[in-house]
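Results of the structural survey
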Number of protein chains: 2
Amino acid sequence: MSGKRLRKSATDLKSLAAQLGVSQSTVSRALHGHPAIPETTRRRVQSAADAAGYRPNARARSLAIGKAEAIGLVFPLERLQLPETNFVDVLAGISTVVTERNYSLLLSPFMDDETAVLRKLASSKAVDGVIITRPLVDDPRIALLNSLGLPYVVHGRTEVDAPFSYVDTDNDNSFERLTGLLLDYGHRRIVAVNGLAHFRYAAARAAAFHRAFAARGLSARAEAVEFVSMTEQTGYETALRHLRGANRPTAFVCGSVFQARGVYRAIAACGLAVGKDVSVVAHDDGVRGVTALELMPPLTATYTPIRKSGELLAATLIDLIEGKRNSPSRTIMPFDLILRGSVQVA
Amino acid sequence: MSGKRLRKSATDLKSLAAQLGVSQSTVSRALHGHPAIPETTRRRVQSAADAAGYRPNARARSLAIGKAEAIGLVFPLERLQLPETNFVDVLAGISTVVTERNYSLLLSPFMDDETAVLRKLASSKAVDGVIITRPLVDDPRIALLNSLGLPYVVHGRTEVDAPFSYVDTDNDNSFERLTGLLLDYGHRRIVAVNGLAHFRYAAARAAAFHRAFAARGLSARAEAVEFVSMTEQTGYETALRHLRGANRPTAFVCGSVFQARGVYRAIAACGLAVGKDVSVVAHDDGVRGVTALELMPPLTATYTPIRKSGELLAATLIDLIEGKRNSPSRTIMPFDLILRGSVQVA
DNA sequence: AAAAGTTACGCAAGCGCTTGCATAAAATGA
DNA sequence: TCATTTTATGCAAGCGCTTGCGTAACTTTT
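Residues numbered from 1 in each chain as written. Chains lettered and ligands numbered in written order. Predicted model: local features only at pLDDT ≥ 70, side-chain atom pairs only at ≥ 80, totals over all residues.

**Things to note about the overall build of chain A**
Spelled out, the test is: Secondary structure elements are taken from DSSP: a helix is a run of H or I of four residues or more, a strand is a run of E of two residues or more, and numbering for both begins at the N terminus. A residue is called partly exposed when the number of other C-beta atoms within 10 Å of its own lies between 12 and 20, exposed at 12 or fewer, and buried at 20 or more, with C-beta atoms placed from the backbone. Contact definition: two residues whose C-beta atoms, as placed from backbone geometry, lie within 7 Å.
When its secondary structure is counted, chain A shows 13 helices and 12 strands. Once the C-alpha set of chain A is aligned to its principal axes, its extents read approximately 90 × 50 × 35 Å. In chain A, buried positions account for 47% of the 346 residues. Sequence-distant contacts, at least 24 apart, represent 69% of the contacts inside chain A between residues at least 6 apart.

Take a look at the structure:
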């Protein structure tokens, strides 16, 4: 080997510029398609950059332009640990769009103090904005984020009196339709297996349940709505309790396919048949591997693909960050009501 | 309001320093516990910083210290979309440790070109290291990452002749034990429902399967090992094919509880009983909601909690980055073999 | 009491990039 | 041909932080 040496490939702007015999400004501008740079120069620079495998140092660029080109997803760590969650599907949707739009996705789980995480993200300027999930009925995070000046989008709504962007499932109409369907089929003893009461979506669903009764000049007993966690097991336990109690319900409306599964199991455990002795309806998020179609009999459900929500969340946030949107964006996902074998007239 | 104004809380080092009447150096050092700063000053600075909600700008700090204090997780986007995957559990483990160690976790999914993502991560210096998953038998990523000089840890092993750190399940011994158990119970017509052949773990398991036979002076037909994807459905289809073929197997050894579930279903579909007519064993990753215990009859399995692997992956990578470890770290997770009702003597 | 050593802190040079402004060269107009 | 505009490029000042080195002001030593 006669003294020949590989040129260490240019890893920073300065050396790349030196190697090309132009200034850093020119290289930087050429690489970003600045109009003042003629096409010929642009190409020369670009191909040198490609050859060297040059990519601007993300941290330096960030610092210079004052943006991180990254968003954060803030969530309770347990949402990754729970066996039954639609969270991963939301994450998949978010990932897709973030990647497409050339942003980075920072995962920010927290154990208990979400506030601290949000504050840290804001003050350390690690991200340009955040997605938060599962708003409470009266959620303090909205006020915090507004005061921090950190752009954000919420997965779900809340009643807080302040402008904010969100993407939400149409809980109100979806549950009204599901309940209405059962009522119109002649069911009267209906139990709603709902989510935990402090979540806004559960409150909305409970209201919708009663609204469906009211719209038909009927009224449901308050105890007809069960506020329990979103799992198969609680679906099972809740349904079992009602099926074995006096005044057996003839139908159940469930918050998710997870719960519906449990309800199916409870019905079977009582020696009854779904869609024959007892009707079941639910909302279906289209979670990976847990869809209404996979139950036997197939479950009548309202359907909103939750991955789509994830995509929308990311797109909305990035638009917000890039100033492509200034007024708060509020999206309520449309749903389809699909009739399948799990309901029958009372 | 008589001209009184809120002092805008110090958001950067400079203003914080000015406000305290000291230099930036002092503030920076005080906040990082530099020994030359006396305790009294340290406290004064710290409390001013707390009051102002000051946190160093992560990007500026990164640039100055030449570290991102972040790691990347590079994976095919589909692993978030597939219904049956142990990926989320690995992610949960990684998240935990990353958070504990005060790092950030960058999620870097890719559609098809993983190489491009790795190159980009390396050249843009967005992270200090990466975790890659599911190595192929002869994996090109190892060479690439070594040449890029980007620290990394692999979830799984590969036969590539180069030093690298990894955390892996003990596929070899686990499968040898499972197969051996069946053999010792007198089974001879055993089918292995294995993963896809290009993954290293599947190759290792196939070899282990044959090794168990050989160790007893027996030999298995090559067709006894099925290289199929890791899902319930393929488990079902594969088992069904064998159960309906000539020379019905008396036992199955499966790659995961997902596959085992399918095998259970196929056995039932043939009017046979698991643990009576046909024995089933598998490896259990302890995936959220899909564990060996939940099957009926409970599944005899080797158990290695996969979340632990995630934790170890992150810890190993961070140690590597921080130079707390220089030689490649190789961890093979120990496993337990737990006997349950799914096996019986032939 | 002078020399030497400590202690507490500030200066200023980066880290690698972007970008407003200045400038030289080329093209255009009168 | 000279003034004016346009085009192509460079200079240098940041972005907010860390850190090596330097230096007063004190302590300690002899």
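**Digging into the domain arrangement of chain A**
Residue and element names in this part refer to chain A. The condition that has to hold: The split of the chain into domains comes from an automatic or database domain assignment. Any residue outside Ala, Val, Leu, Ile, Met, Phe, Trp, Tyr, Cys, Pro, Asp, Glu, Lys and Arg is labelled polar, Gly included; the first ten of those are nonpolar and the last four are charged.
According to the domain assignment, chain A contains domain 1 (13–56), domain 2 (70–169 + 307–333) and domain 3 (171–304). With centres defined by C-alpha atoms, the gap from domain 2 to domain 3 works out at 29 Å. Contacts between the two partners involve 14 residues from domain 2, matched on the other side by 15 residues from domain 3. When its residues are assigned to classes, the side of domain 2 that touches domain 3 shows five nonpolar, four polar and five charged.

**What about the protein's contact with DNA strand C?**
Applicable threshold: The C-beta atom of each residue is placed using the backbone, and any residue whose C-beta lies within 6 Å of a molecule or strand is treated as near it.
Around DNA strand C there are 25 residues in total, and A:Leu13, A:Ser28, A:Ala64, B:Ser23 and B:Ser25 lie nearest to it. Going through the elements one at a time, helix H1 (13–20), helix H2 (24–31) and helix H4 (58–65) of chain A together with helix H2 (24–31) and helix H4 (58–65) of chain B are the ones with two or more residues in the surface near DNA strand C. With five residues, H4(A) is the single largest residue contributor to the surface near DNA strand C. In the surface near DNA strand C, the residues fall into 12 nonpolar, nine polar and four charged.

**Structural notes on the interface of chain A and chain B**
Spelled out, the test is: Should DSSP find at least two bridges between two strands, the strands are regarded as paired.
Across the contact, 36 residues belong to chain A and 36 residues belong to chain B. Only H4, helix H5 (78–81), helix H6 (87–100), strand E2 (104–110) and helix H7 (114–123) of chain A provide two or more residues apiece to the side of chain A that touches chain B. Counting residues per element, the side of chain A that touches chain B draws most heavily on H6(A), at six residues. For the side of chain A that touches chain B, the residue count by class is 18 nonpolar, 11 polar and seven charged. Where E2(A) and strand E2 (residues 104–110) of chain B come together, three bridges link them in antiparallel fashion. Within E2(B), the residue paired with A:Leu107 across the bridge is B:Leu105.

**Let's talk about the environment of B:Ile142**
Residues and elements named next belong to chain B. Residue position: Ile-142 is located in helix H8 (residues 140–148). A tally of 22 C-beta atoms within 10 Å means that Ile-142 is categorised as buried. Spatially, the C-alpha atoms of Ile-142 and Thr-158 are 8.9 Å apart, while their sequence positions differ by 16 residues. Residues contacting Ile-142, with those up to four places away along its chain left out, are Thr-158, Val-160, Ala-162 and Phe-164.

**Some words on the relation of the copies chain A and chain B**
To keep things clear, this is the line we draw: Least-squares superposition aligns the copies on the C-alpha atoms of those residues with pLDDT at or above 70 in both.
Laying chain A over chain B is done by rotating through 180° and shifting 0.0 Å along the axis; what remains is an RMSD of 0.1 Å. Between the two chains, the operation in question is that of a two-fold axis. Taken together, the interface assignments show that 100% of the residues at the interface of chain A recur at the interface of chain B, consistent with an identical surface on both copies.

**Here we look at the environment of A:Ala197**
Residue and element names in this part refer to chain A. Tracing the chain through its elements places Ala-197 in the loop between strand E6 (190–194) and helix H10 (200–215). C-beta crowding within 10 Å serves as the criterion here: with 15 such atoms nearby, Ala-197 is assigned to the partly exposed category. Placed 60 residues apart in sequence, Ala-197 and Val-137 show a C-alpha to C-alpha distance of 8.5 Å. Beyond its immediate sequence surroundings of up to four residues, Ala-197 is in contact with Ala-202, Ala-203 and Phe-227.

**Overview of the sheet that holds E2(B)**
Let me state the cut-off plainly: Angles shown run from 0 to 180 degrees and are taken between the N-to-C directions of axes, each axis being a line fitted to C-alpha atoms and, for helices, limited to the stretch in contact.
Across the sheet, which stays open at both edges, the 12 strands sit in the order E11(A)-E5(A)-E4(A)-E3(A)-E1(A)-E2(A)-E2(B)-E1(B)-E3(B)-E4(B)-E5(B)-E11(B) with mixed pairing between neighbours. The sheet is open, and its two borders are formed by strand E11 (330–333) of chain A together with strand E11 (330–333) of chain B, each paired with just one other strand. Strand-to-strand twist in this sheet, taken as the mean axis angle between neighbours without regard to direction, amounts to 20°. Direction of pairing for strand E1 (residues 70–76) of chain B relative to strand E3 (residues 129–133) of chain B: parallel, over a ladder of four bridges. Bridge pairing links B:Val74 to B:Ile132 in E3(B).

**Things to note about the nonpolar core**
Selection criterion: Linking buried Ala, Val, Leu, Ile, Met, Phe, Trp, Tyr and Cys residues through C-beta atoms within 7 Å yields a set, and such a set is a nonpolar core.
A:Ile71, A:Val253, A:Val280, B:Val253 and B:Val280 are the most contacted members of the largest nonpolar core, which totals 184 residues. If we skip the residues at most four places from it in the chain, B:Val253 touches B:Phe175, B:Leu178, B:Thr179, B:Leu182, B:Ile190, B:Ala192, B:Phe209, B:Val281 and B:Ala282.

**Overview of the protein's contact with DNA strand D**
Taken together, 25 residues form the shell around DNA strand D, and within it A:Ser23, A:Ser25, B:Leu13, B:Ser25 and B:Ser28 come nearest. Broken down by secondary-structure element, the contributors of at least two residues to the surface near DNA strand D are H2 and H4 of chain A together with helix H1 (13–20), H2 and H4 of chain B. If one sorts the elements of the surface near DNA strand D by residue count, H4(B) sits on top with five residues. Among the residues making up the surface near DNA strand D, the classes are represented as 12 nonpolar, nine polar and four charged.

**Details of unusual backbone geometry**
Going from A:Met296 to A:Pro297, the amide bond is cis rather than trans, its omega being -5°. As for its position among the elements, A:Pro297 is in the loop between strand E9 (279–284) and strand E10 (300–303). For B:Arg134, which is not glycine, the phi dihedral falls at a positive 50°. Checked against the element boundaries, B:Arg134 lands in the loop between E3 and H8.

**As for the sheet that holds E6(A)**
All names here are of chain A. On the basis of which strands lie adjacent, the open sheet formed by six strands has the order E7-E6-E8-E9-E10-E12 and mixed pairing. Lying at the two open borders of the sheet, with one neighbouring strand each, are strand E7 (225–227) and strand E12 (336–338). Neighbour to neighbour, the strand axes of the sheet diverge by 15° on average, direction disregarded. Two elements, E9 and E10, share four bridges in a ladder whose sense is parallel. Of the residues in E10, the one forming a bridge with Val-281 is Thr-300.

**A word on the environment of B:His155**
All names here are of chain B. Note that His-155 resides in strand E4 (residues 152–155). C-alpha of His-155 to C-alpha of Ile-132: the two residues are 23 residues apart in sequence and 6.2 Å apart in space. The contacts of His-155, once residues within four sequence positions are left out, are Val-90, Ile-131, Thr-133, Arg-134, Val-167, Ser-309 and Leu-313.

**A look at the pairing of strand E10 (residues 300–303) of chain B**
Taken together, the three bridges between E10(B) and strand E12 (residues 336–338) of chain B define a ladder with antiparallel strand orientation. Bridge pairing links B:Ala301 to B:Ile338 in E12(B).

**Let's talk about the confidence of the model for chain A**
Selection rule: One confidence number per residue, pLDDT, is output by the predictor and ranges from 0 to 100.
Across chain A, the average pLDDT comes to 93, with 97% of residues at or above 70. In this model residues 1–7 of chain A is a low-confidence stretch, pLDDT under 50, and it forms zero contacts with partners more than four residues away in sequence or in other chains.

**Observations regarding the packing of H1(B) against H2(B)**
Residues and elements named next belong to chain B. Just so we agree on the cut-off: Our angle categories are set so that under 35 degrees counts as roughly parallel, over 145 as roughly antiparallel, 65 to 115 as roughly perpendicular, and the remainder as oblique.
In contact at an axis separation of 8 Å, H1 and H2 are set at 100° when each is read in the N-to-C sense. In this view, H1 runs roughly perpendicular relative to H2, as classed from their interaxial angle. Contacts from Leu-13, Lys-14, Leu-16, Ala-17 and Leu-20 of H1 reach H2 at Gln-24, Val-27 and Ser-28.

**Concerning the pairing of E3(B)**
Residues and elements named next belong to chain B. What counts, and what does not: With its strands directed away from the observer, a crossover is right-handed exactly when the path from the first strand over the helix to the second travels clockwise.
In terms of residue burial, E3 counts as a mostly covered element, since four of its five residues are buried. Here E3 runs beside E4; their pairing, made up of four bridges, is parallel. Paired with Thr-133 across the two strands is His-155, which belongs to E4. Tracing the backbone out of E3, into H8 and back to the parallel element E4 gives a crossover that is right-handed.

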